[in-house]
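Coordinates in review
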Amino acid sequence: MISIIVTHKQNLSYLHDCLESIAEQKYKDIETILVLDHTEDDLTDIKEEFGESTNLKVYELTDKTGVAAGRNLGLEKAQGDFVMFLDNDDYMIGESLQAMMDEFEEETDFVYPQYKRTYFKREAVLSGLASPYEGEEKELAKVDFNDPVNYNIERYDSIEMPSVLGTIYRKKLFTDNDIKFYEDQPYYADVEVVADIYSVADFMKGAEGALYMQRLHNDKVNNPSLSQYPKDETMPYYFMAYDHLMEVVTNERVRRHYQLILSYYIAQWLPRKHRLSREDKWRGEYYEKLKELALDIDKEIIKRSDMDRISKKFMYIFIKGNEAKIQRAIDRTRFKRKISDMRHDARLRNKNLSLHFFSKLPFKKNWVVFESFMGRSYSGNPKYIYQYMQKHYGNKYKYIWLLNDTRTKIDGKCKKVKRFGMWDFYYRNRSKYWVINMRQPLVIPKRNKTVILSTWHGTPLKRLVFDMDDNYSATPEYKNIVYKQTREWNYLLADNAYSVDKFKNCFQLDDDILFLSGYPANDPMYAQDRDEKAAEIKKKLNIDPDKKVILYAPTWRDNDWIGEGQYGFDLAMDLDRLQKEFSDEYVILMRLHYFIVKGLDLSKYKDFVIDVSQYSDITDLYLVSDMLITDYSSAYFDYGNLKRPILFYMYDLELYKNNLRGFYIDIENDMPGPVFETNDELVNNIKHIDEVKEQYKEKFDKFYDEFCSVDDGNASKRVVEKVFEK
Ligand code: C2G
């Protein structure tokens, strides 16, 4: 029997995936030992769902805590001849147990699986939707699966990576040799045990049909994984682990590999940390210890490694141990790295210009920079705040628009600046106010007195940032960057009380920066001249005045990724059919999301379909249209202000809901218009739009009250009066 040992402290949804992967194994001679480490989770449902199928036995740590203690308790309780450790956030794919058991012969000590890493939940991986962990395939191509040392140890370039996870061991390997997990080692527990195991095991084999998925945590802020803890904190344990390795590892190949890893570590971190660390451990205690360890490293190891020239040079000096030379090398290495980075990166050059020059120039209390959709257009909340300021404050302020294309037409007198060009850095440094509707670039540091007015660009329907499950886009880098950016905001506008609530959680913000103002971009929908304005826009777009207008504004999909901020889009709308049915009565405005870079060829539908994807401001398009068709775009919350019918053509609802994003709102019950998935229903709903409107009246009114009722045409005024000095 195999005793599968799982420890659990938090993340019930992870544990669910993990146990499901055990339950689905055809190999049934197992027991699952779940050790609870003072968890606050309620496991009733888990026990019910997996009790039988995994032969679940639950134990609790009482006077101890930590993964090591949990696994040791599991080892004590294990009744099988074989043991396997599975982390509660990881899972198996395929018939892993069977595949590994098939490889065991009499003398085999352990059988290991293939390891892959992922940010995604099991369902996303199984359905083939989740993109693979970047670089994994390249990494795997370099190692030999059938060579255990190469695959399980030499494959990794940090000491914490080799692990016991997913491997099936003969239990006597642990009991006969008195191998236990080190309970005083909270961060690098596996490293030391792996070394112990390798020093006693003689026969090991890989099972290519077994696959263990290590889930990388995607929320560094609330739920960091080992490598994401601050180095300052984990260093003593790093040293403890390294000392242990040097003590027990006799295999020369493995020793040299660990020394190489240490060299990478020193070359990468020391020049950086030596200067920055406040407590100066990187100048004192840590520095001394690293120097001592480095004395044993053979120059040849560094010479033959794939380190870059700058790192190699640094390490040659470091391992020799001459104090004065090392100090000089640290400064020189840092400088050389900076120069080399700057040579390749114009933004970094400008960043340095900012740091050393622009940030020292006097601060201008009446300068305001505006940026909409990351410089893509003159639109959204920033545009309407700007227009209000122009009208009511005139010359009192200097207005600067940051644009990808400085030929963009902007009303009134303002300075147009190329986004990320040198002048962007200059103006952001000197201006007191930044008015944005997405996220500001961190490469341009905010000065202490800068006020960031984040207006955002929509009421959230799809889950955002910290509310996103482990699926597409929710990588730790993303969460970490957003966390940093949102710390810099001084105000965040919300269009309704619901958004206040959601933003607080998804951005992890305190109450005090949230401002329930309504959206400035929705002001024109309440303006007295809105119909005249609509007629003008209709003319500008060459729309036949006798035709009614359908605006189709779908959102983007995380899995259509092409490049950074760039996505593809497959049209699921049967335009031939719509043309046949409706071209006498309607015109369709085709408005793809600003992330979509691949345009559609609509030439065939001339006069019936007008491509307005490049049109700057969607508010104009709302004004001229008689109905909106969308899918999961927050556009419908804004459009709701016009009280015109909205259709939700959600042709990929299941996929979007379960694997791409998930929603905050109950799609089946609470949408203010029909939700459907086929072209038939689309045609039918358009045909009977008056009845549809009538049918949804009650739901629509409820929706309007909850999401649109703060907007009244005066949001710009409220915002400007609150944020800007009179
Ligand atoms: N938008 C647009 N054209 C589309 C879709 C959206 O111009 N075809 C604009 C609208 O102003 C909309 C905003 O972009 O309100 C946000 O669009 P979403 O489709 O909701 O997508 P996203 O950019 O991911 O923002 O809290 C809101 C979320 O962040 C969603």
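Before reading further, recall that the structure is shown in the block above.
In this report, the structure presented in the accompanying data block is examined. (Residues numbered from 1 in each chain as written. Predicted model: local features only at pLDDT ≥ 70, side-chain atom pairs only at ≥ 80, totals over all residues. Heavy atoms only, no water.)

1. Structural notes on the nonpolar core
Quick note on the threshold: Take the buried Ala, Val, Leu, Ile, Met, Phe, Trp, Tyr and Cys residues and link them wherever side-chain atoms come within 4.5 Å; each set so joined is a nonpolar core. Relative accessibility under 20% of the residue-type maximum defines a buried residue, over 50% an exposed one, and the middle range a partly exposed one, all with a 1.4 Å probe and only protein chains included. Every helix listed is a DSSP run of H or I at least four residues long, and every strand listed is a run of E at least two residues long, numbered separately from the N terminus. Whether two residues are in contact is decided by their heavy atoms, any of which lying within 4.5 Å being enough.
Counting residues in each nonpolar core, the largest one holds 107 residues, and the members touching the most others are Ile2, Phe85, Phe174, Ile197, Tyr258 and Phe318. Counting residues per element, this core draws most heavily on helix H11 (residues 252–276), at 10 residues. Residues contacting Phe85, with those up to four places away along its chain left out, are Ile5, Arg71, Leu75, Val164, Leu165, Gly166, Thr167, Tyr169, Phe174, Phe181 and Tyr212. Tyr426, Val482, Cys506 and Leu642 belong to the second largest nonpolar core, which has 97 residues in total.

2. Here's the deal with the sheet that holds strand S10 (residues 398–403)
Spelled out, the test is: Pairing between strands is defined by DSSP: at least two bridges between the two strands are required. Lines fitted to C-alpha atoms define the axes here, with helix axes fitted over just the stretch in contact, and angles between the N-to-C directions of these axes take values from 0 to 180 degrees.
One open sheet holds the seven strands; their spatial order is S11-S10-S9-S12-S13-S14-S15, and the pairing between them is parallel. One side of each edge strand has no neighbouring strand; the edge strands of this open sheet are strand S11 (415–418) and strand S15 (514–516). Strand-to-strand twist of the sheet, defined as the mean angle between neighbouring strand axes without regard to direction, takes the value 25°. In this structure, strand S13 (residues 451–454) lies alongside strand S14 (residues 491–494), joined through two bridges in parallel fashion. Residue pairing across strands places Ser454 opposite Leu492, the latter belonging to S14. Sitting on the sheet, helix H17 (residues 380–393) is in contact with strand S9 (364–371), S10, strand S12 (431–436), S13 and S14, with an inclination near 160° to S10. Against the sheet, helix H18 (residues 422–430) contacts S9, S10, S11 and S12, and its axis sits at roughly 130° relative to S9.

3. Let's talk about the packing of helix H9 (residues 189–200) against helix H10 (residues 231–248)
Which entries qualify depends on this criterion: Here the word oblique covers every angle except those under 35 degrees (roughly parallel), over 145 (roughly antiparallel) and from 65 to 115 (roughly perpendicular).
Close contact between H9 and H10 brings their axes to 9 Å; oriented N to C, the two are set at 5°. With respect to H10, the axis of H9 lies roughly parallel. Of the residues in H10, those in contact with Val191, Glu192, Ala195, Asp196 and Ser199 of H9 are Met240, Ala241, His244, Leu245 and Val248.

4. Points about the pairing of S13
Of the two faces of S13, the one carrying Val451 and Leu453 and the one carrying Ile452 and Ser454 are both buried. As paired elements, S12 and S13 share four bridges and run parallel to each other. By the bridge assignment for S13, Trp434 is matched with Ile452.

5. Re the site of the ligand
Convention followed: In these notes, residues near a molecule or strand are those with any non-hydrogen atom within 4 Å of it. Under the rule applied, a polar contact is a pair of N or O atoms within 3.5 Å (in protein, one hydrogen donor and one hydrogen acceptor; residues adjacent in sequence only if both atoms are side-chain atoms). Computed by Shrake-Rupley with a 1.4 Å probe, the accessible areas treat only the displayed protein chains as cover when residues are assessed. Here the nonpolar group is Ala, Val, Leu, Ile, Met, Phe, Trp, Tyr, Cys and Pro; Asp, Glu, Lys and Arg are the charged ones; every other residue, Gly included, is treated as polar.
Surrounding the ligand, one finds 21 residues, the nearest of these being Gly458, Thr555, Tyr594, Ser633 and Ser634. With respect to the ligand, the backbone of His457 contributes an N or O atom lying 3.1 Å from an oxygen atom. One of the backbone nitrogen or oxygen atoms of Gly458 is found 2.8 Å away from an oxygen atom of the ligand. Contact with the protein chains covers 96% of the free accessible surface of the ligand, which is 600 Å². Here the residues of the shell around the ligand are counted per class, giving 11 nonpolar, seven polar and three charged.

6. Looking at the sheet that holds strand S7 (residues 168–170)
Adjacent strands of a sheet pair through backbone hydrogen bonds, lying either parallel or antiparallel. Strand order in this open sheet of eight strands is S3-S2-S1-S4-S7-S6-S8-S5, and the pairing throughout is mixed. This sheet does not close on itself; its edge strands, each paired only once, are strand S3 (56–60) and strand S5 (91–93). Ignoring strand direction, the axes of neighbouring strands in this sheet form an average angle of 30°. Where strand S4 (residues 82–85) lies against S7, three bridges are found, and the strand directions are antiparallel.

7. A closer look at the packing of aromatic side chains
Note the following rule: The rule is short: rings of Phe, Tyr and Trp, with Trp giving its six-membered ring, pair when the centres are within 6.5 Å, and they are stacked under 30 degrees, edge-to-face over 60, tilted in between. The rule is short: NZ of Lys or CZ of Arg within 6 Å of the ring centre and within 35 degrees of the ring normal puts a charge over the ring.
Applying the stated criterion across every chain, the model contains 66 aromatic pairs. Ring centres 5.7 Å apart and planes at 90° place the aromatic pair Tyr386 and Trp401 in the edge-to-face group. Linking Tyr386 in helix H17 with Trp401 in strand S10, this pair joins segments that are 15 residues apart in sequence. As far as burial versus exposure is concerned, Tyr386 and Trp401 are alike and both buried. Aromatic ring contacts, followed pair by pair, group Tyr498, Tyr636, Phe637, Phe648, Phe700, Phe703 and Phe707 into a single cluster. The positively charged end of Arg155 is found above the aromatic ring belonging to Tyr151, 4.9 Å away from the centroid.

8. Details of the side chain of Gln214
For Gln214, the position within the fold is in strand S8 (residues 204–215). On the basis of relative accessibility, which here comes to 13%, the residue Gln214 falls in the buried class. When near neighbours in sequence (up to four residues on either side) are disregarded, Gln214 contacts Asp90, Lys116, Arg117, Thr118, Met161, Ser163 and Leu165.

9. Looking at empty space enclosed by the protein
Over the atoms, a rolled probe matching the size of one water molecule traces out where space is still vacant. The following threshold applies: Using protein atoms alone on a 1 Å grid, points that fit a 1.4 Å probe yet trap it form a cavity, whereas open point sets bounded by protein on both sides within 12 Å along at least five of seven lines form a pocket; residues with an atom within 4 Å of a point count as lining. Grid points are joined across faces, edges and corners, and a volume is the space filled by probe spheres set on the points.
Following the criterion strictly, the structure yields one cavity of 30 Å³ or more and no others. Lining the largest cavity we find Phe110, Tyr112, Tyr115, Asn152, Ser163, Thr167, Tyr169, Val194 and Tyr198. Listing elements by their share of the lining of the largest cavity, those giving two or more residues are strand S6 (110–118) and H9. Among the elements that line the lining of the largest cavity, the one with the most residues is S6, at three residues. Of the residues contributing to the lining of the largest cavity, the split by class is six nonpolar, three polar and no charged.

10. Considerations on a negative patch on the surface
So the rule is basically this: The residues that make up patches have over 30% relative accessible area and no salt bridge, and they are joined within 9 Å when like-charged or within 5 Å when they are Val, Leu, Ile, Met, Phe, Trp or Tyr. Note on definitions: salt bridges are taken to be side-chain nitrogens of Lys or Arg within 4 Å of carboxyl oxygens of Asp or Glu. Here the positive residues are Lys and Arg and the negative ones are Asp and Glu; neither His nor the chain ends is included. Here the site of a charge means atom NZ of a Lys, CZ of an Arg, CG of an Asp or CD of a Glu.
A surface patch of like charges, here negative, comprises Asp42, Asp45, Glu48 and Glu49. We classify Asp42 as exposed; its relative accessible area is 54%.

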